[in-house]
Every structure is written in structure tokens, then in C-alpha cells.
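What follows is each chain in one-letter form.
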Amino acid sequence: MTRRARILVPGDPSAVAFARNRVITQVRAWDVPLDEEKRYAVRLVVSELVTNAIAHAEGLISVGLYLNEERLLLVVHDGHPTRPRRRRPTTNDETGRGLALVAHLATRTGWDPTPNGKKVWAEFDVLTPPPTVRGETLRRRMKAAMPRTYITAHVLFALAAGL
């Protein structure tokens, strides 16, 4: 089962922190077991990909999250069709290191053209536990799954015992 979430981000530099926080909040809500190092990597990759989308595209940016038992996929959609390009910055350059950093931190990265721009993605290997079922929900499911004869026999036993 793949879990999915989508976050819409305005094309404004102040939205980078918003996107980063929403992604981490969603990952925590899914109980993804990330150690501090991997959580930092996810935060940094979100920041880099959203910053690049804001710098090179206009309008809304969509951040998609997809989680299955083995991987967390982060996909940033923007309206600019140009292929992302890794640069070779000099020591004096203030920009140009983002995609190299993303490639270093993520398990796999890439990009795909879309009819309305492109999507740039980064994938992280994770081992997620199966979704948990809370106590009351579990009791309702078990009661609904119980055979009728068991319930009847249980009630008869209680009545016979004077309970």
C-alpha cells in the first residue's frame, strides 16, 4: 500500500520553510522511522528542490510525498520545462551546489518532463512498519469479524453463569 500526500507551495522564497515543515510533519504522521541523520537529509533535500523550483519557475509548486514499505519518494512539480542542470561551481560561487547535494543525500534522484513543466524527485530508502490500528478501532473490527455463533455462545454462557 502506498501512502500519498500533496502539498501546494506558493512560488515565494518564504514558502521553503513552510514546505520543509509540512513534509517533516507528514513523515512523522506516517511514523516513518527516520534517524536524525536521515531526517536532516530529507529536510535539506526538500529545501533544495523547492528553492530551485521557486528560483526557476513561476506560480504554484506542488510537493508530492509517496511512501511504501521500502521507500519515501519526494516529488517537486513546477511549471518550468527546462531540465535541471548540475553545475560545477567554483569556490567563490554562492549558488550551484543544490543538485549535487541532493544527489549525495538521497538514494536516487532524477527528473521527468510533464505536460505543464517538470517534476524533480528524490528517493530515500526506509523500512516502515505496517500502519497501526488504534485500540477502539481494533475492538470494533474484531467484533465485526466475530462469528455470530461465538457471540451467541458467549452470551448464553454469561446468562447461565448468572452474570
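This write-up is about the structure you can find in this document.

Cut-off values and rules
- Residues numbered from 1 in each chain as written.
- Predicted model: local features only at pLDDT ≥ 70, side-chain atom pairs only at ≥ 80, totals over all residues.
- Heavy atoms only, no water.
- Helix = DSSP H or I, 4+ residues; strand = E, 2+ residues; numbered from the N terminus.
- Buried < 20%, exposed > 50% of the residue type's maximum accessible area, 1.4 Å probe, protein only.
- Contact = heavy atoms within 4.5 Å.
- Areas by Shrake-Rupley, 256 points an atom, 1.4 Å probe, with all protein chains shown as cover.
- Pairing = 2+ DSSP bridges.
- Axes fitted to C-alpha atoms, helices over the stretch in contact; angles between N-to-C directions.
- Core = buried A, V, L, I, M, F, W, Y, C linked by side-chain atoms within 4.5 Å.

### Concerning the overall build of the chain
Secondary structure summary: the chain contains 5 helices and 5 strands in total. Starting at the N terminus and walking to the C terminus, you meet the elements of the chain as β-α-α-β-β-α-β-β-α-α. Counting the 163 residues in the chain, one finds 30% classified as buried. Once local pairs closer than 6 in sequence are excluded, the contacts in the chain between residues at least 24 apart make up 62%. Accessible surface computed for the chain: about 11,100 Å², of which carbon and sulfur atoms make up 54%.

### Points about the sheet that holds strand 1 (residues 3-9)
In space, the 5 strands of this open sheet follow the order 1-2-3-5-4, with antiparallel pairing throughout. What marks the edges here is a single partner per strand, and that holds for strand 1 and strand 4 (108-114). Geometrically, the sheet is characterised by an average inter-axis angle of 15° between neighbouring strands, direction not taken into account. Relative to strand 3 (residues 71-78), strand 2 (residues 61-67) runs antiparallel, the two being bridged by 6 bridges. Within the sheet, the bridge partner assigned to leucine 67 lies in strand 3 and is leucine 72. The strands touched by helix 1 (residues 15-29) are strand 1, strand 2 and strand 3; relative to strand 1, the strand with the most contacts, the crossing angle is about 165°.

### Quick word on the pairing of strand 5 (residues 117-125)
Pairing of strand 3 with strand 5, which is carried by 8 bridges, proceeds in the antiparallel orientation. When the bridges of strand 5 are listed, leucine 73 appears paired with glutamate 123. The sheet contact formed by strand 4 and strand 5 spans 7 bridges and is antiparallel. Bridging across to strand 5, proline 113 finds its partner in lysine 118.

### Remarks on the nonpolar core
Counting 34 residues, the largest nonpolar core has Val23, Leu49, Val50 and Leu72 as the members making the most contacts within it. Per-element tally for this core: the top contributor is helix 2 (residues 36-56), with 8 residues. Excluding residues within four positions of it along the chain, valine 50 makes contact with Val9, Val16, Ala19, Ile61, Val63 and Val76.

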